[in-house]
Amino acid sequence: MRVAVVGGGMSGLAAAYELASGGAAVVVLEGSDRIGGKLKLGSVGDLTLDLGAESILARRPEGLDLVHAVGLDDRVVHPRTISASIWTHGALRPMPPTVMGVPADVDALRASGIAEVDPRVVPVPDDDVSVAEFVTDRLGRDVLDRLVEPLLGGVYAGHTDALSLHATTPQVAALGPDLLAGAASARSAAESTGPVFAGLVGGVGQLPAAVAATPGIDVRLESTVRAVTRTADGWRLSVGPTTDVEHLDVDAVVVAAPAPAAARLIAEDAPEAAFALAAIDYASMAIVTYVLDEPPAFEGSGFLVPPVDGTFIKAATVSSSKWGWVADSGRTVVRASVGRAGEATLLQHDDGDIAARALADLRTAFGGLPEPLDWAVQRWGGGLPQYDVGHLDRVEIVERSVAAVPDLEVCGAAYRGVGIPAVIASGRAAARRILDAGTIES
Ligand SMILES: Cc1cc2nc3c(=O)[nH]c(=O)nc-3n(C[C@H](O)[C@H](O)[C@H](O)COP(=O)(O)OP(=O)(O)OC[C@H]3O[C@@H](n4cnc5c(N)ncnc54)[C@H](O)[C@@H]3O)c2cc1C
């Protein structure tokens, strides 16, 4: 019996892995010419580097569990440093300890010169509110602008005045009415729990191919799914160019494509879900990777920039300080990210212009940087879904509506977490529901 997975990003591949492990024959239909979605390796100069996602949260098990399951254990590494700075008030300032930007040590915050805190004890509301409203009411605008905003900008490429407290920072809501006291105790609890992030020697972009090599998974590239139609005993997928559509009959379907495509594909069978999915916005961004022959005069893994400071870049990572395997190349590698929700016009500049503007910011921040040996601009149109206020209600509507349709599932970054472990969990859970429904004969 066969299951089709629409989309060969990390969520779709995780779903395929779970289905194949459960005995199903799986066809992964990927619209582009490569698998991996937001995980991608590419060449810059003489190096092969991650041009998209580059680290896996190690505090959740699902990412490293899959790494282990597909035999990449011996490549797991942890960052040599995760000490980040904030570039603000004209200097790179080491970031004091925080819980998603909420200061966990007020003295360290004051010493950093990053932001003034204006604390107030305010009860936590039951209803969802924006992160901006929640934080400003309790800590003042400066902490929001110079700590929380850049941190959330780094994860979601969004704006805190739209982002949902419940969906993006439940750990902040859980700190209680006195955010500073809550953050101080959450920090001491977190200190003993091991490395926060992991990577792979050679890049996390190796994970998709390793998962796709699982026996029982058949990957078809350049196979855009145009329609998913219910038949008497399963599903018919219309695949390929509109001028030459092929049909594929399967018993079950997992739609692992981003929200706009998922909405179109399930509109007929799960209209409420499609409607809710169509309301999810995406932010576009670009990653600019520079290879240089000399390091910047800077200690640490990188820095974030508060949007109020009006710079072109929103963050930078010194990959050769962060990852030992990059440092072993003997080169310096710096990656800068550009673009947030609503700033798509930034990406209308050509690659050379984006690279030059980002480099100018890096030079100002680091106080100089040599001419790069090479650089690459990787655009991520529709890179990250925006979990706006009310997101979890929308996801519940999607889940309820899809659950009412037998042998149809959805998964991916649009639902309950954008990070690699979260999308893997989403894919595997979707697959498990299909296997547990029992229509599949092994
Ligand atoms: C620049 C950037 C950096 C990031 N860095 C990190 C990081 O360091 N760590 C981390 O944990 N997370 C990171 N993330 C987030 C994370 O990588 C993504 O949220 C996650 O990989 C998304 O996986 P997905 O399977 O949901 O979607 P995608 O990766 O978007 O995959 C969806 C796939 O579906 C395909 N598709 C779409 N429509 C169709 C169709 N009709 N038919 C067939 N195929 C279709 C697409 O071509 C794509 O391959 C980053 C994201 C970005 C954009």
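Residues numbered from 1 in each chain as written. Predicted model: local features only at pLDDT ≥ 70, side-chain atom pairs only at ≥ 80, totals over all residues. Heavy atoms only, no water.

Chemist: With reference to specific residues and values, describe the packing of helix α11 (residues 271-278) against helix α15 (residues 391-403).
Modeler: Close contact between α11 and α15 brings their axes to 7 Å; oriented N to C, the two are set at 155°. Relative to α15, the element α11 lies roughly antiparallel. The handedness of the crossing between α11 and α15 is left-handed. Together, Glu272, Ala273, Ala276 and Leu277 of α11 and Arg394, Ile397, Val398, Ser401 and Val402 of α15 make up the contact between the two elements. (Axes fitted to C-alpha atoms, helices over the stretch in contact; angles between N-to-C directions. Helix = DSSP H or I, 4+ residues; strand = E, 2+ residues; numbered from the N terminus. Parallel < 35°, antiparallel > 145°, perpendicular 65-115°, else oblique. Left-handed = near helix turned anticlockwise from the far one by under 90°. Contact = heavy atoms within 4.5 Å.)

Chemist: Tell me about the site of the ligand, residues and numbers included.
Modeler: Inspection of the region around the ligand gives 34 residues, with Glu30, Lys38, Ser55, Val418 and Ile420 positioned closest. Interatomic distance of 3.3 Å between a backbone N/O atom of methionine 10 and an oxygen atom of the ligand. Separating an oxygen atom of the ligand from a side-chain N or O atom of glutamate 30 is a distance of 2.6 Å. Alone, the ligand offers 1000 Å² of accessible surface; in the complex the protein occludes 86% of this. At the level of secondary structure, the elements contributing two or more residues to the shell around the ligand comprise α1 (10-21), β17 (282-292), β21 (374-385) and α16 (420-437). (Near = heavy atom within 4 Å. Polar contact = N/O pair within 3.5 Å; in protein donor to acceptor, adjacent residues only side chain to side chain. Areas by Shrake-Rupley, 256 points an atom, 1.4 Å probe, with all protein chains shown as cover.)

Chemist: Which residues make up helix α14 (residues 351-366), and what values go with them?
Modeler: In this model, α14 (16 residues) spans 22 Å end to end at C-alpha, consistent with the 22 Å of a helix rising 1.5 Å per residue. Listed as buried for α14 are Ile354, Ala355, Ala358, Leu359, Asp361, Leu362, Ala365 and Phe366. For α14, the arc enclosing every buried residue in end-on projection is 160°, short of the 170-degree limit, so these residues lie on one face. Trailing α14 by a residue or two, glycine 367 shows a phi angle of about 70°, which is positive. (Expected span 1.5 Å × (residues − 1). Buried < 20%, exposed > 50% of the residue type's maximum accessible area, 1.4 Å probe, protein only. Arc of directions from axis to C-beta.)

The quantities given are spatial measurements derived from coordinates; they are silent on function.
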